[in-house]
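# Inside the fold
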Amino acid sequence: MAFIPVNTPALEGNEGKYLQECVDTAWISSEGPFVKRFEKEFAERVNRKFAISVTNGTVALEATMQALKVGEGDEVILPAFSIISVLGAVVKAGAKPVLVDCDPITWNMDLNQVEDKVNDRTKAIVAVHTYGLPVDIDPLVQLCHHKGIFLIEDAAESHGLNYKGRPCGGFGDISTFSFYPNKLITTGEGGMVLTDNPDLAERLGLIKNLFFTKDRFVHEEIGSNLRMTNLQAALGVAQLEQIDLFVKRKREIGGFYNRAFKELKQLQLPAQNTEHAENIYWVYGMVIKDQLMTAKEAMKMLGQEEIGTRPFFWPMHLQPICQKMGLFVGEQYPFSENIAKYGFYIPSGLGITDPELSRVGAIVNKIFS
Ligand SMILES: *Cc1c(COP(=O)(O)O)cnc(C)c1O
C-alpha cells in the first residue's frame, strides 16, 4: 500500500500558468511584477496597509526583531510550546526569551500567565496562533497598548483563519506568515511581514534589502538579502486565489477526522472552536490520554501502516541548546511538556484524497480502540 505523507500541497489553480508567465517574460528575480502583486493582494486579504515579502517565516520573525530594535537588555514573552523560529529570533537579537505555558485545550499560550511575566524590560510579546486556532488576541492587544509593549503576531499557521470575524495577521504591531509547503498557502519557501505603521514598513523594506538607501552602497545599518523571487510570488498569487477553497477543504478534513475518532476515549482531539473562532485545522493534532502510550510509540505503529505523522513541537525549555545556554533553568511548563510527549498529527495536507482520509481514519481507529 502506498505511503500517505503527512502533507502534500495542492497546486491545481493558476500556479503553472503564472510560473510559465515568469519564464516567458524572463522575470524571475525579486524585481518581477508578481512580487508587488502578491504583497498587495495578501495585505488586502489580511486587512493591513503594508506587506513586505521575505524568503521564509523564520527570517520574517528575525526581520521583525530588527525592525522593532529588540536587543540586549530587552525581554520578549513567547509560548513555551511553539516552533524554534520564535525563540531563535529573540536570542539572535540578543534579547532574553521569557516563556509562558500553553492552555491544555487550545494548545495556545495561556493568557492568564502573560501579565505576571511583564516587567520594565519587556519589549514585546509574540502571540503564535497554533495548529489552526487563534490566541485570544484582543486582551493581548489591550495589555500591550496599556503597557507600551509591541505585539508580534506569528500567523504562519493561520492563513484564512478569523478571530471575531477579522483575519488573523491583522492584530499585531507586526504580523508574520510563512509559505512553506505545509502551510495553508505555499510558495515553496517564502514569508510575509505585515504592518499598518509606515515607518516600520519602510524599515522592513530596508532590512530585507541589505539596507540599501537612496545613496546606493552607503549603509546605515546591517540588513540581509531576504528578497522573495517572482517565481515564488507567482505561486503565491495563484494560491491566494484559492484560499477560501483551501480553508473549506481543511475544515472538511478536520470534520471527517472528528467524526471518525469521536468514540476514541483515549484521544484528545483538536478543539473545534473557541469563543471567538472556528478551527481551520492547519494540522490535525491529537494528544494521547492517560499515558496509554507515547506519541513516539503511536507514530511508529502508524508508520508501520504506511501513514506519515509528525510529533508536536518540543518545548523551548527542554531544548538542548537552551539548556546549554543556561536558559530557563528549573522552570517548568507542564502542559507544554505533556502535549509534546503525547501529541502528534496525522496526514491532512490539501493534496490528500478521500480514500486516503478513510484509510488513515480506519487505521487510527484500529490502533486506539
Ligand atoms: C512554519 C512556521 C514558522 C517558520 O516558517 P518557515 O517558512 O518554515 O521558516 C514560524 N512560525 C510558525 C508558527 C510556523 O508554523
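See the structure above.
To keep things clear, this report deals only with the structure shown in the data block. Predicted, not measured: the structure shown is a model, and the values here were computed from it. (Residues numbered from 1 in each chain as written. Predicted model: local features only at pLDDT ≥ 70, side-chain atom pairs only at ≥ 80, totals over all residues. Heavy atoms only, no water.)

### Some points on the layout of surface pockets
Within this model, the largest pocket holds a volume of roughly 380 Å³. Lining the largest pocket are 16 residues, and of these Ser30, Val35, Lys36, Glu39 and Lys208 lie nearest its centre. Contributions of two or more residues to the lining of the largest pocket are made by helix 2 (33-45), strand 1 (50-54) and helix 7 (198-207). The dominant element in the lining of the largest pocket, judged by the number of residues it contributes, is helix 2, at four residues. (1 Å grid on protein atoms, 1.4 Å probe; cavity = no way out; pocket = protein on both sides within 12 Å on 5 of 7 lines; lining within 4 Å. Points joined across faces, edges and corners; volume = space filled by probe spheres on them. Helix = DSSP H or I, 4+ residues; strand = E, 2+ residues; numbered from the N terminus.)

### Some details on the nonpolar core
Membership of the largest hydrophobic core comes to 86 residues, with the highest contact counts inside it found for Phe38, Phe42, Ile125, Phe344, Val364 and Phe368. When residues of this core are assigned to their parent elements, the largest contribution, six residues, is made by helix 13 (residues 354-368). Leu78, Leu87, Val193 and Leu206 belong to the second-largest nonpolar core, a separate cluster that totals 37 residues. (Core = buried A, V, L, I, M, F, W, Y, C linked by side-chain atoms within 4.5 Å. Buried < 20%, exposed > 50% of the residue type's maximum accessible area, 1.4 Å probe, protein only.)

### Quick look at the sheet that holds strand 10 (residues 267-268)
Taking strand neighbours across the sheet as the criterion, the four strands line up as 10-11-13-12 in an open arrangement whose pairing is antiparallel. The open sheet has two edge strands with one neighbour each: strand 10 and strand 12 (310-311). Bridge count between strand 12 and strand 13 (residues 343-346): two bridges; the pairing is antiparallel. Each bridged residue has a counterpart across the sheet, and for Arg310 the counterpart in strand 13 is Tyr345. The sheet strands contacting helix 13 are strand 10, strand 11 (284-288) and strand 13, and the helix crosses strand 13 at an angle near 150°. (Pairing = 2+ DSSP bridges. Contact = heavy atoms within 4.5 Å. Axes fitted to C-alpha atoms, helices over the stretch in contact; angles between N-to-C directions.)

### Looking at the packing of helix 10 (residues 295-304) against helix 13
The N-to-C vectors of helix 10 and helix 13 enclose an angle of 130°; their axes lie 11 Å apart at closest approach. Put simply, helix 10 runs oblique to helix 13. The interaxial crossing formed by helix 10 with helix 13 has right-handed handedness. Across from Ala298, Met301 and Leu302 in helix 10, the residues of helix 13 making contact are Ile363, Val364, Ile367 and Phe368. Tallied by class, residues from the contact of helix 10 with helix 13 come to seven nonpolar, no polar and no charged. (Parallel < 35°, antiparallel > 145°, perpendicular 65-115°, else oblique. Left-handed = near helix turned anticlockwise from the far one by under 90°. Nonpolar A, V, L, I, M, F, W, Y, C, P; charged D, E, K, R; others polar.)

### Quick notes on the pairing of strand 3 (residues 96-100)
Looking down a regular strand, the side chains alternate between one sheet face and the other. Counted residue by residue, strand 3 has four buried out of five residues, so it is predominantly covered. The pairing of strand 2 (residues 75-79) with strand 3 spans five bridges and is classified as parallel. Considered in strand 3, the bridge of Val76 is made with Pro97. As a crossover connection, the stretch from strand 2 through helix 4 (residues 84-92) into strand 3 is right-handed. (Right-handed = clockwise from strand over helix to strand, strands pointing away.)

### Notes on the packing of aromatic side chains
For the structure shown, the criterion picks out 22 aromatic pairs. Geometrically, the ring pair formed by Phe256 and Tyr257 is edge-to-face, given 5.9 Å between the ring centres and 65° between the ring planes. Taking relative accessible area as the criterion, Phe256 reaches 25% and is therefore assigned partly exposed. With a centroid separation of 6.5 Å and 20° between ring planes, the pair formed by Phe344 and Phe368 is classed as stacked. (Phe/Tyr/Trp six-rings, centres within 6.5 Å; stacked < 30°, edge-to-face > 60°.)

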